[in-house]
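Examining the three-dimensional arrangement
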Amino acid sequence: LARMLELNDTQEGVLNIAFRLADEEGMLILDLKDLRSLLISMAERSSEISSTYGMVSKQSIGAIQRSLLRLEDQGGDKFFGEPALEIKDLMRTDMDGKGYVNILAADELMNSPRLYATFLLWMLSELFEELPEAGDADKPKFVFFFDEAHLLFDDAPKALLEKVEQVVRLIRSKGVGIFFITQNPADVPDTVLGQLGNRIQHALRAFTPKQQKAIKQAAETYRENPKFEVADVITELGVGEALVSTLEDKGTPSIVERALIRPPMAKLGVASAEAKRMALQADGVGGKYDETQDRESAYEILQKRAEKAAKQAEKAQEVAEKAKSVKKKSNRQGVGEAAIKSLVRSVSSSVGRTIARELIRGVMGGLKR
């Protein structure tokens, strides 16, 4: 994911912390909204997290979020999630033990080269991790054909190319074959091209100096045949003709041969919507991936935490307001009591003076008598 997002070492470190934090707090990261919610939570808890896992700056989190936004613009929010594609669904056989041809409709995915390259890398990595060592088998367990292969490598980050090269080199030990299909061998990086053993080259036309140079480079990748000049034949090939070079028993490339390619015994052209629908119904797994699953994961857990925190804050606010109200009420009662006491004192003193006057009058009157 860090390679795909083109993160630097610091940002990749923050991403590692995010997944570590999710693991320790029991939060699944199944789609991009889970990851985005977790990053927002990390930004709010940056001081706490930094003291435990290392420096987590809001600037690094912001950079990751911007990269995620670019990925979402290419449809990444729909690409990640559940149900995840299970490799075993692509490796089924029928009652006669014959394998299936699985077609990934990537007409929209191909418009997002970064996602397309990611899918390739994920699938090959998944196969490499799940399949046991196969050794030097007579035939592969599984074969990939990646059409429009140049889309996998156009503008791909160097780190991603290195990972693809590594997987392509090692995947053969798992009994998996890979074919990259493109118009010109130059579309495939030399590091990857050097790992490919079987080659089928159809006609190339050269109208510019750049195209002539590309043809010369393509010809130099084949083991020469003394019967013809490869560079000349590439431009002369007709419909159905190709230059073919395969691996011999000892693993060395064979001499390139000019050959006719048997056409496929199938209908050529785009399958109709009805044909696709019928194929999916008869497939047995077609409906398995129709509906998106959204079980509880980091997004839902963090939402519940936020709601709980909001309720606690609201409750604390209510308690604080009640306490404030009681205090004000207590202050008002104190003022009232003071007024009553003052009134009592005033009345008491007035009554006392009246009684005193009456007593004095009574005494003075008695003396007069």
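Up top you'll find the structure we're talking about.
Definitions and limits used
- Here the residue numbers are simple positions, counted from 1 along each chain's written sequence.
- Reporting in this predicted model follows two pLDDT cut-offs: at least 70 for local features of residues, and 80 or more for side-chain atom pairs to be given and counted; totals over whole chains, interfaces and linings ignore these cut-offs and use all residues.
- The side-chain numbers reported here are obtained from all heavy atoms of the structure, hydrogens and water having been left aside.
- Strands are runs of DSSP state E lasting at least 2 residues, helices are runs of H or I lasting at least 4, and numbering of each runs from the N terminus.
- Relative accessibility thresholds used throughout: buried, under 20% of the residue-type maximum; exposed, over 50%; partly exposed, between the two (1.4 Å probe, protein chains only).
- We count a salt bridge whenever a side-chain nitrogen from Lys or Arg sits within 4 Å of a carboxyl oxygen from Asp or Glu.
- Cavity and pocket criteria rest on a 1 Å grid covering protein atoms alone: a 1.4 Å probe that fits but cannot get out defines a cavity, protein on both sides within 12 Å along at least 5 of 7 lines defines an open pocket, and an atom within 4 Å of a point defines a lining residue.
- Grid points are joined across faces, edges and corners, and a volume is the space filled by probe spheres set on the points.
- For this classification, Asp, Glu, Lys and Arg are treated as charged, while Ala, Val, Leu, Ile, Met, Phe, Trp, Tyr, Cys and Pro are nonpolar and the rest, including Gly, are polar.

Attention now moves to unusual backbone geometry. A cis amide bond, omega 0°, links Glu82 with the succeeding residue Pro83. Checked against the element boundaries, Pro83 lands in the loop between α6 (76-79) and α7 (113-130). Although it is not a glycine, Glu6 adopts a positive phi angle of roughly 55°. As for its placement among the helices and strands, Glu6 is situated in the loop between α1 (2-5) and α2 (9-24). Since its relative accessible area comes to 44%, Glu6 is described here as partly exposed. Even without a glycine there, the phi angle at Glu148 is positive, about 50°. Tracing the backbone through its elements, the reader meets Glu148 in the loop between β1 (142-146) and α8 (150-153). Given a relative accessible area of 30%, Glu148 falls into the partly exposed group.

A few words now on the pattern of salt bridges. Following the criterion strictly, the structure yields 14 salt bridges and no others. The closest approach of N and O atoms between Glu296 and Lys304, which form a salt bridge, is 2.6 Å. Accessibility expressed as a relative area gives 45% for Glu296, which makes it partly exposed. Taken together, the salt bridges that share partners define one network made up of Glu25, Arg45, Glu48 and Arg305.

Here we come to the layout of surface pockets. Here the second largest pocket defines a volume of roughly 1,400 Å³. Around the second largest pocket sit 43 residues that line it, and Ile178, Phe179, Leu196, Gly197 and Asn198 are the ones nearest its centre. Every element with two or more residues in the lining of the second largest pocket is listed here: β1, α9 (158-171), β2 (176-180) and β3 (199-201). At five residues, the largest contribution of residues to the lining of the second largest pocket is made by β2. Residue classes in the lining of the second largest pocket are distributed as 21 nonpolar, 14 polar and eight charged.

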